[in-house]
Amino acid sequence: MEDFSRYETPQPVHPALIGPNAILQLDPLLRAAGLDRAVYEAADLDALPDGESMIDEAPVARVHQALRRLAPDMAEGLAYEAGVMTGRYILTHRIPQTAQSMLLSLPWRLSARLLARAIAANAWTFAGSGEFRVLTPFSFELQDNPIVRGERADHAICHWHCGVFTTLYAALVHPKMRCIETECGATGYPACRFELVRET
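In this text, all values refer to a predicted model and were calculated from it rather than measured experimentally.

Q: So what's going on with the overall build of the protein? Which residues, and what values?
A: Counting its regular elements, the protein contains 9 helices and 6 strands. Partitioning the contacts of the protein with sequence separation of at least 6, the portion at a separation of at least 24 is 69%. When the accessible surface of the protein is totalled, it reaches about 9,900 Å², and 53% of it is carbon and sulfur. Distance from the positive charge centre (18 side chains) to the negative charge centre (24 side chains) of the protein: 7 Å.

Dropping the structure here:
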């Protein structure tokens, strides 16, 4: 059996940076819901990133946390949809079409193995200073997830991550793949754990 611990996240140059799409893909959804001003004010966010480079994870975390605090009934759906949009951005701008075609031509279990490796190699874009590990081709673990760091909840709340993983696996592995968070740092677990399941 392959040792997936070899595919842990490389340490970024600055351990507290995260991809700008963690905010940029959420912004149009906040605006459509009329929540942008309140959320950004609560998160002390003065301006959106330009999308050209990695950004400080702290304001990203504050935005997601402010959304959950100010609009708990809408936060799950908005965060998940922002994750879906982030996944679509990655498919359009970050994964060459030739690589996508190759993954789609392979048996889906092999595609999952290759995609998991690619996700691990680029995990700093959504893990920030957290520690990301691929456990199997269908399960990931994120310790000290900056998006939920310091929060407490009675249910899993990493909906943005689930949206990203669902979109990538449904597009490149199998259209019925879906990501669920089985353990969440906000509920007291030592790490956030994500499982990719194939719906029947």
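Having seen the model, we can carry on.
Q: I'd like a rundown of the nonpolar core, residues and numbers included.
A: Within the largest apolar cluster, 57 residues are counted, with the highest numbers of intra-cluster contacts made by F132, F165 and Y169. With 7 residues, the single largest contributor to this core is helix 9 (residues 159-172).

Q: Give me the lowdown on the packing of helix 4 (residues 57-70) against helix 5 (residues 72-93), citing residues and values where you can.
A: Where helix 4 contacts helix 5, the axes come no closer than 6 Å and their chain directions differ by 140 degrees. Classified by the angle their axes make, helix 4 and helix 5 are oblique. Here L67, R68, R69 and L70 of helix 4 lie close against helix 5, whose contacting residues are P72, A75 and L78. Here the contact of helix 4 with helix 5 is built from residues that sort into 5 nonpolar, no polar and 2 charged.

Q: Outline unusual backbone geometry, supporting the account with residue identities and numerical values.
A: Phi is positive for D44, close to 55 degrees, though the residue is something other than glycine. Counting through the fold element by element, D44 comes out in the loop between helix 3 (36-42) and strand 2 (55-56). In this structure, D144 takes a positive phi of about 55 degrees despite not being glycine. Tracing the chain through its elements places D144 in the loop between strand 4 (139-143) and helix 9. By relative accessible area, D144 is classed as partly exposed at 43%.

Q: Describe in detail the pattern of salt bridges, supporting the description with residues and values.
A: Under the defined criterion, the tally for this structure stands at 8 salt bridges. Of the charged contacts in the structure, one is a salt bridge between E141 and R133, with a shortest N-O distance of 2.9 Å. For E141, a relative accessible area of 14% puts it in the buried group. It is possible to trace a salt-bridge network through shared partners that takes in D27, R31 and D36.

Q: For the packing of aromatic side chains, give the residues involved together with the corresponding values.
A: Throughout the structure, instances matching the rule amount to 9 aromatic pairs. Both rings, one in F132 and one in F140, keep their centres 5.3 Å apart while their planes meet at 45 degrees; by these two values the pair is tilted. In this structure, F132 and F140 share a single accessibility class: buried. Among the aromatic residues, those joined into a cluster by ring pairs are W108, F126, F132, F138, F140, F165, Y169 and F194. Its guanidinium or amino end placed over the ring of W108, R198 lies 4.7 Å from that ring's centre, counting from NZ or CZ.

Q: Can you tell me about helix 4, naming the residues and giving the values?
A: The terminal C-alpha atoms of helix 4, which comprises 14 residues, lie 20 Å apart, in line with the 20 Å expected from a rise of 1.5 Å per residue. Burial of helix 4 is extensive: 10 of the 14 residues sit out of reach of the surface. Listing the buried residues of helix 4 in full gives E57, P59, V60, A61, V63, H64, Q65, A66, L67 and R68. The N-cap of helix 4, judged by a side-chain oxygen 3.0 Å from the amide nitrogen of A58 a few residues on, is D56.

Q: Talk me through the side chain of T167; I want residue IDs and the actual numbers.
A: Within the secondary structure layout, T167 lies in helix 9. The class for T167 is buried, based on a relative accessible area of 12%.

Q: Explain the layout of surface pockets residue by residue, including any values.
A: Taken as a whole, the largest pocket spans an internal volume of roughly 660 Å³. In this structure, the largest pocket is lined by 30 residues; those nearest its centre are I90, R94, I95, N122 and T125. For the lining of the largest pocket, the elements supplying multiple residues, two or more each, are helix 1 (21-24), helix 5, helix 6 (97-105), helix 7 (108-121), helix 8 (124-127) and helix 9. The element contributing the most residues to the lining of the largest pocket is helix 7, with 4 residues. Of the residues assigned to the lining of the largest pocket, the class counts are 20 nonpolar, 7 polar and 3 charged.

Conventions adopted
Starting afresh in each chain, residues are numbered from 1 along the sequence in its written order. Confidence filtering applies because this is a predicted model: local features only for residues at pLDDT of at least 70, side-chain atom pairs given and counted only at 80 or more, and all residues used for totals across whole chains, interfaces and linings. With hydrogens and water stripped out, all remaining heavy atoms of the structure feed into the side-chain values. Only DSSP runs of H or I covering at least 4 residues are called helices, and only runs of E covering at least 2 are called strands; the numbering of each starts at the N terminus. Every residue pair with non-hydrogen atoms within 4.5 Å of one another is taken to be in contact. Note on areas: these come from Shrake-Rupley sampling with a 1.4 Å probe, and a residue is covered only by the protein chains present in the view. Positive charges come from Lys and Arg, negative ones from Asp and Glu, while His and the chain ends are left out of the count. Charged side chains are reduced to one point each, which is NZ for Lys, CZ for Arg, CG for Asp and CD for Glu. The definition of a nonpolar core used throughout is a set of buried Ala, Val, Leu, Ile, Met, Phe, Trp, Tyr and Cys residues joined through side-chain atoms within 4.5 Å. Think of it in three bands: residues with accessible area under 20% of the maximum for their type are buried, residues over 50% are exposed, and the middle band is partly exposed, with areas taken using a 1.4 Å probe on protein chains only. Helix axes are fitted only over the stretch in contact, all axes being lines through C-alpha atoms; the angle between N-to-C directions runs from 0 to 180 degrees. In this scheme, roughly parallel covers angles under 35 degrees and roughly antiparallel covers those over 145, while 65 to 115 is roughly perpendicular and the rest are oblique. Under the scheme applied here, ten amino acids are nonpolar (Ala, Val, Leu, Ile, Met, Phe, Trp, Tyr, Cys and Pro), four are charged (Asp, Glu, Lys and Arg), and all others, including Gly, are polar. Take a side-chain nitrogen of Lys or Arg and a carboxyl oxygen of Asp or Glu: if they are within 4 Å of each other, that pair is a salt bridge. When two rings of Phe, Tyr or Trp (its six-membered ring) have centres within 6.5 Å they constitute a pair, described as stacked for plane angles under 30 degrees, edge-to-face for angles over 60, and tilted for the intermediate range. Comment: the charge-over-ring label is applied if NZ (Lys) or CZ (Arg) is within 6 Å of the ring centre and within 35 degrees of the ring normal. One fewer than the residue count of a helix, multiplied by 1.5 Å, yields its expected span. Two N or O atoms form a polar contact when they lie within 3.5 Å of each other; inside protein one atom must be a possible hydrogen donor and the other a possible acceptor, and for residues adjacent in sequence the pair counts only when both atoms belong to side chains. A pocket, in this scheme, is an open set of points on a 1 Å grid over the protein atoms alone with protein on both sides within 12 Å along at least 5 of 7 lines, while a cavity is a set where a 1.4 Å probe fits but cannot get out; residues line either one if an atom lies within 4 Å of a point. Grid points are joined across faces, edges and corners, and a volume is the space filled by probe spheres set on the points.

Treat this as a map of the structure, not an account of what it does.
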